[in-house]
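# Per-entry structural report
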Amino acid sequence: MKNLKWWQKTAVYQIYPKSFMDTTGKGTGDLRGITSKLDYLQKLGVGAIWLTPIYPSPMIDNGYDISDYTAIDSSYGTMADFDELIDEAKARNIKIVMDLVYNHTSDKHAWFLESKSSRDNPKADWYIWRDEKTNWRSIFGGSAWEFCPERGQYYLHTFATQQPDLNWENPEVRRALFDAANFWLKKGVGGFRVDAITYIKKPAEFKDGESDGKDGLVSVHIMTAATKGILDFLHEFKREVFDRHDIFTVAEANGVAAEDLPKWVGSDGVFDMLFEFSHVNLSLKDGEIWCRPTKWKLTELKQAIANSQTATKNNGWYPIFFENHDKPRSVNHFLPKASDPIKAAKILGTILLTMRGTPFIYEGQELGMTNVAWDSIEKYNDISSRGQYEIALNEGFSKEKALEFVHFFSRDNARTPMQWNSSENAGFTAGKPWLPIHDDYKICNAATEDADKNSVLNYFRKLNAFRANSEILLFGDYEELLRDDENIFAFARAVENKKIYVLANFTLNEVTFPTEILGQSKFILGNYTAHNKGVLKPLEVVLYKEATS
Ligand code: GLC
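Each residue is numbered by its place in its chain's sequence as written, counting from 1. The model is predicted, so local features are restricted to residues of pLDDT at least 70 and side-chain atom pairs to those at 80 or more, both for listing and for counting; the totals for chains, interfaces and linings are taken over all residues. Each side-chain value is derived from all of the structure's non-hydrogen atoms; neither hydrogens nor water enter the calculation.

## Points about the site of the ligand
Residues are classed as near a molecule or strand on a simple rule: at least one heavy atom within 4 Å of it. Taken together, 13 residues surround the ligand, and among them Asp61, Asp195, Glu252, His325 and Asp326 come closest. Counting of polar contacts relies on pairs of N or O atoms within 3.5 Å, with two restrictions inside protein: one atom must be capable of donating a hydrogen and the other of accepting it, and residues adjacent in sequence are counted only when both atoms are side-chain atoms. Here an oxygen atom of the ligand sits 2.8 Å away from a polar atom, N or O, in the side chain of Asp195. Between Glu252 and the ligand, the recorded distance is 2.8 Å, taken from a side-chain N or O atom to an oxygen atom. Here the open area of atoms and residues is found with the Shrake-Rupley method and a 1.4 Å probe, where only the protein chains shown may cover a residue. Protein burial of the ligand: of its 310 Å² of free accessible surface, 96% is covered by the chains.

## Details of helix H15 (residues 456–468)
Taking 1.5 Å as the rise per residue, H15 with 13 residues should run 18 Å; its terminal C-alpha atoms sit 18 Å apart, in good agreement. Here the term buried applies to any residue with accessible area under 20% of the maximum for its type, exposed to any over 50%, and partly exposed to those in between, with areas from a 1.4 Å probe on protein chains only. Strands here mean DSSP runs of E at least two residues long; helices mean DSSP runs of H or I at least four residues long; both are numbered from the N terminus. Among the residues of H15, Val456, Leu457, Asn458, Tyr459, Phe460, Arg461, Leu463, Asn464 and Arg467 are the ones counted as buried. Here the expected length of a helix is defined as 1.5 Å per residue gap, with one fewer gap than residues.

## Brief notes about the packing of aromatic side chains
Ring pairs shown here join Phe, Tyr and Trp side chains whose ring centres sit within 6.5 Å, with only the six-membered ring taken for Trp; geometry is labelled stacked below 30 degrees between planes, edge-to-face above 60, and tilted in between. Under the counting rule described, the total for this entry stands at 44 aromatic pairs. Pairwise contacts between aromatic rings join Tyr69, Tyr102, Trp111, Trp126, Trp168, Phe178, Phe192, Phe233, Phe237, Phe242 and Phe271 into one cluster. Ring-over charges, as used throughout, are those where CZ of Arg or NZ of Lys falls within 6 Å of the ring centre and within 35 degrees of the ring normal. Its end group placed over the ring of Trp420, Lys37 keeps NZ or CZ at 4.1 Å from the ring centre. Residue placement shows Lys537 over the ring face of Tyr528; its charged tip is 4.8 Å from the ring centre.

## As for the sheet that holds strand E18 (residues 522–526)
Paired strands are those between which DSSP finds at least two bridges. Here 5 strands make up an open sheet; going across it, the order is E14-E15-E16-E20-E18 and the pairing antiparallel. Across the chains shown, the open sheet's two edge strands, defined by having one partner strand only, are strand E14 (477–481) and E18. Across this sheet, the average inter-strand angle for adjacent strands is 25°, counted without regard to direction. Judged from the 4 bridges that link them, E18 and strand E20 (residues 541–545) form a sheet pairing that is antiparallel. Axes, fitted as lines to C-alpha atoms, cover a helix only where it is in contact. Angles between the N-to-C directions of the axes lie from 0 to 180 degrees.

## Focus on the packing of helix H12 (residues 383–394) against helix H13 (residues 399–409)
Between two packed helices, what matters for the description is the angle formed by their axes and the separation of those axes. Two numbers describe how H12 lies on H13: the axes approach to 9 Å, and their chain directions differ by 145°. Here H12 runs over H13; the crossing is right-handed. Contact with H12, carried on its side by Ser385, Tyr389, Ala392 and Leu393, involves Lys399, Ala402, Leu403, Phe405 and Val406 of H13 and no other residues of that element. Within the contact of H12 with H13, the residues separate by chemical class into 7 nonpolar, 1 polar and 1 charged. Here is the rule for handedness: rotate from the far helix to the near one, and if that takes an anticlockwise turn smaller than a right angle the crossing is left-handed, while a clockwise turn gives right-handed. Contacts are residue-level and defined by heavy atoms, with any inter-residue pair within 4.5 Å sufficient. Under the scheme applied here, ten amino acids are nonpolar (Ala, Val, Leu, Ile, Met, Phe, Trp, Tyr, Cys and Pro), four are charged (Asp, Glu, Lys and Arg), and all others, including Gly, are polar.

## Things to note about the side chain of Glu540
Position of Glu540 relative to the elements: it lies in the loop between strand E19 (535–536) and E20. Polar side-chain contacts of Glu540 include one of 2.7 Å to the backbone nitrogen of Lys537.

## Some thoughts on the nonpolar core
Within the largest apolar cluster, 133 residues are counted, with the highest numbers of intra-cluster contacts made by Phe82, Phe192, Phe237, Phe271 and Phe506. Looking at this core, the element that brings in the most residues is helix H5 (residues 171–186), giving 8 residues. Setting aside residues no more than four positions away along its own chain, Phe192 makes contact with Val97, Met98, Leu100, Ala181, Trp184, Leu185, Val241, Phe242, Ile247, Phe248, Thr249 and Val250. Counting 19 residues, the second largest nonpolar core, distinct from the first, contains Tyr16, Tyr362, Phe405 and Tyr441. Here, the term nonpolar core denotes a set of buried Ala, Val, Leu, Ile, Met, Phe, Trp, Tyr and Cys residues that are joined through side-chain atoms within 4.5 Å.

## So, the pairing of E20
Where burial is concerned, most of E20 is hidden: 4 out of the 5 residues are buried. Pairing of strand E16 (residues 498–505) with E20 involves 5 bridges; the strand directions are antiparallel. For Val502, the partnering residue across the bridge sits in E20 and is Leu543.

## Notes on the pairing of strand E8 (residues 191–194)
Burial of E8 is two-sided: the residues Gly191 and Arg193 facing one way and the residues Phe192 and Val194 facing the other way are all buried. As paired elements, strand E3 (residues 95–100) and E8 share 4 bridges and run parallel to each other. Counterpart to Asp99 in the pairing with E8 is Arg193.

## Observations concerning the environment of Lys238
The topology assignment puts Lys238 in helix H7 (residues 230–242). A sequence separation of 60 residues divides Lys238 from Phe178, and the C-alpha atoms of the two residues are 9.4 Å apart. Setting aside residues up to four positions removed in sequence, Lys238 forms contacts with Asp243, Ser267, Gly269 and Val270.

## Examining the environment of Ser330
Turning to its location among the elements, Ser330 is positioned in helix H10 (residues 330–334). On the basis of relative accessible area, Ser330 is assigned to the buried category, the value being 2%. As a C-alpha pair, Ser330 and Ala345 span 15 residues in sequence and 7.7 Å in three-dimensional space. In contact with Ser330, other than residues within four places in its own chain, are Phe322, Glu323, Leu335, Leu348 and Gln365.

## Notes on the sheet that holds strand E4 (residues 129–130)
Across the sheet, which stays open at both edges, the 3 strands sit in the order E4-E7-E6 with antiparallel pairing between neighbours. The open sheet has two free edges, formed respectively by E4 and strand E6 (145–148), since each of these has just one partner strand. Bridge count between E6 and strand E7 (residues 153–156): 4 bridges; the pairing is antiparallel. Within E7, the position partnered with Cys148 by the bridge is Gln153.

The quantities given are spatial measurements derived from coordinates; they are silent on function.
Printed below as a string of structure tokens:
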């Protein structure tokens, strides 16, 4: 167990390149912008950066619609900029991790243009073509089928119309995809985040399903996620690409059942880690086709996290996360409405950096960035928010209510530009930012926080450095504490009798806890300047360490 791999001992930082740093004044971020911020990331103590897609793309889904797998979108720069980023990151002991989007391409990809041109071209079978459509709903809303006049057939798109699904049954398709991944490995990338991978295998027969909405459609997710036989494709992927490289893989795997996890991760599985969403999807009512905030209890959050910790104890490894580019800001999502964002960000940061697994910090989370709430749907760029808004209206909700749901769930919450300083446009761009900057940038920004020893940023730096040198936090087991408590999230990490305890008050009231659970341990860190044993002030988080360790 002591032989942890490099990626098990470090935190990973996720960058949404369009929103990170613009060096040319065009209003969108670029690779040189990322390179210019490597010192900042090194100081934060991260050992890898996951870049969401930077390949050429019409940007219908901000880069998840790829038109060339082995090139760089000109808005991000050139391949030379990418090579420079790899080298400069390496000089700081940071690896670059690429996003592989292999369920679908853009409808502007040369493969699709050829495939759609006729029924008998060499790539005619590279996508999923059918004479008849089924009643499947795409994940972004509307039918998952689009008619193509050139072929007189429909093609399947699990996501947007402009994201046709590839046909993995065709070995030539798999070969082309594996070759593209190997292209990036040759450049020295440190791993892959693998997008929407549970959808690559389609069922043998395409049938209508029982509708789960007023539109008469059924979610494509229900009909196709984790279809039997998918693991054969994935093992081939592993053999042809992942094996023999000192990299890590983390897959986005919606729809994998907990009992199947050992087949997906760990020594007998395919990937090193799986992003599993039970803890971040608590506000989504089970089985609902659109996003409406649903109440959840702290015990449910603790249970979801404990389940993942248990599932990965002997098998695979857990990617710890509370935020990504598809989720709202964690401060708004997990803590009460009137919370002080600084205290709240430190609570979630503490849990993120003290659980067992590899922490994934999403850009701006280390500053405590929060959600936005724009006053009309037209202001939202996110294709999924627009789809969700339509679905809510069709289900009979008012425009105000539909917009309220969008405020809560929109992916744009996490996509507003990074806040670097208090100058115009938060130092992100000299031009007009592609999405509005959050109003709070004068207070919540990297430069201001760098200078404030009590800032969220300095708290993340301190705790991340502590973690990197803590045997208990790197290797220790996860032990649940106060499991039934609806106010306090508490757990211990333990290597034999050496322990670290974490206790966080998720409420706006003062609460108490039985001090016996802490044994002989001593307070070492928290988000208030003073702490009384046995009491947690509103939104207080504390770390205790066993005196003997
Ligand atoms: C994944 C990505 C998301 C994207 C979708 C389609 O869920 O995280 O941003 O829209 O796949 O590629």
